[in-house]
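Each chain, letter by letter, is given below.
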Amino acid sequence: MSFPYDPFPSSPFFSCEDDRFRIVDKRRFSQVVTGKEEPWLTLAVAESNVMHSKPVRVKAYRESSIEIECEDGSLKLDIGSESARKVDDTGREWIYCGGLEEANEGLGWMPVS
């Protein structure tokens, strides 16, 4: 996976769906909806992917940091460092074993705490 354009959209639209999470530049929204362009980022839901469970809502967004509430915890994306951390429903913290460009490759999670 690669980002279709850089930098991170200045006006992002976040889409929480049953099987994926997408980030779209609002200025390119019509092109994405009509299939002429890809979203800036699409994270497929799978246990070993960055999007480990169904996304529910975006809890917080600041510049290059996005916190997403998921069915079984929360996910923090750091766009600047292209990394991801999750906190499961027991409070245990994990780091993804790859970068965001490898988010859908099922590289798995390593415990931090």
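Details of the structure are given in the entry above.
What counts, and at which threshold
- Residues numbered from 1 in each chain as written.
- Predicted model: local features only at pLDDT ≥ 70, side-chain atom pairs only at ≥ 80, totals over all residues.
- Heavy atoms only, no water.
- Phe/Tyr/Trp six-rings, centres within 6.5 Å; stacked < 30°, edge-to-face > 60°.
- Helix = DSSP H or I, 4+ residues; strand = E, 2+ residues; numbered from the N terminus.
- Buried < 20%, exposed > 50% of the residue type's maximum accessible area, 1.4 Å probe, protein only.
- Patch = residues over 30% accessible without salt bridge, like charges linked within 9 Å, V, L, I, M, F, W, Y side chains within 5 Å.
- Areas by Shrake-Rupley, 256 points an atom, 1.4 Å probe, with all protein chains shown as cover.
- Salt bridge = Lys/Arg side-chain N within 4 Å of Asp/Glu carboxyl O.
- Lys, Arg positive; Asp, Glu negative; His and termini not counted.
- Charge placed at Lys NZ, Arg CZ, Asp CG, Glu CD.
- Contact = heavy atoms within 4.5 Å.
- Pairing = 2+ DSSP bridges.
- Axes fitted to C-alpha atoms, helices over the stretch in contact; angles between N-to-C directions.

### So, the packing of aromatic side chains
Summed over all chains, the structure comprises 6 aromatic pairs. Ring plane angle 85° and centroid distance 4.9 Å describe the contact between Phe-8 and Trp-40, whose orientation is recorded as edge-to-face. With Phe-8 in the segment before strand E1 (12–16) and Trp-40 in the loop between helix H1 (29–33) and strand E3 (41–44), this residue pair connects regions lying 32 residues apart in the sequence. Both residues of the pair, Phe-8 and Trp-40, belong to the buried class. Relative to Trp-109, the ring of Tyr-96 has its centre 5.3 Å away and its plane inclined at 65°; by these criteria the two rings are edge-to-face. With Tyr-96 in strand E8 (residues 93–96) and Trp-109 in strand E9 (residues 109–111), the pair connects residues that are 13 residues apart, well separated along the chain. Comparing Tyr-96 with Trp-109 shows no difference in burial state: the two are buried. Cluster of aromatic residues (ring-pair linked, three or more members): Phe-8, Phe-14, Phe-21, Trp-40 and Tyr-61.

### Some thoughts on a negative patch on the surface
On the surface, Glu-82, Glu-101, Glu-102 and Glu-105 cluster together into a patch of negative charge. Take Glu-105: it is sitting in the loop between E8 and E9. With relative accessibility at 48%, the residue Glu-105 sits in the partly exposed group.

### What to know about the environment of Arg-57
Summarising the element assignment, Arg-57 is placed in strand E4 (residues 55–62). For Arg-57, the contacting residues outside a window of four places in its chain are Cys-16, Glu-67, Ile-68 and Glu-69.

### Section: the sheet that holds E4
Taken in spatial order, the 6 strands line up as E4-E5-E6-E7-E8-E9 in an open sheet, and their pairing is antiparallel. At either end of the open sheet lies a strand with only one pairing partner, and these are E4 and E9. Strand-to-strand twist in this sheet, taken as the mean axis angle between neighbours without regard to direction, amounts to 25°. Sheet analysis places strand E7 (residues 83–88) next to E8, joined by 3 bridges and oriented antiparallel. By the bridge assignment for E8, Lys-86 is matched with Trp-94.

### Considering the pairing of strand E2 (residues 20–25)
Strand residues, when the strand is regular, have side chains that alternate between the two faces of the sheet. Strand direction decides the pairing type here: E1 and E2, joined by 5 bridges, are antiparallel. Bridge pairing in E2 places Phe-14 opposite Ile-23. Linking E1 to E2, which pair antiparallel, is a turn of 3 residues. Here E2 pairs with E3 via 4 bridges, running antiparallel. Looking at E3, one finds that Arg-20 is bridged to Ala-44.

### Some thoughts on the pattern of salt bridges
The final tally for this structure, using the stated rule, is 8 salt bridges. Here Glu-17 and Arg-20 are joined by a salt bridge, their closest N and O atoms 2.7 Å apart. By relative accessible area, which is 17% here, Glu-17 ends up buried. For Arg-20, a relative accessible area of 30% gives the class partly exposed. Residue Arg-57 pairs with Glu-69 through a salt bridge whose shortest N-O separation is 2.8 Å. Taken as a pair, Arg-57 in strand E4 and Glu-69 in strand E5 (residues 65–70) lie far apart in primary sequence, 12 residues in all. What makes Arg-57 partly exposed here is its relative accessible area of 42%.

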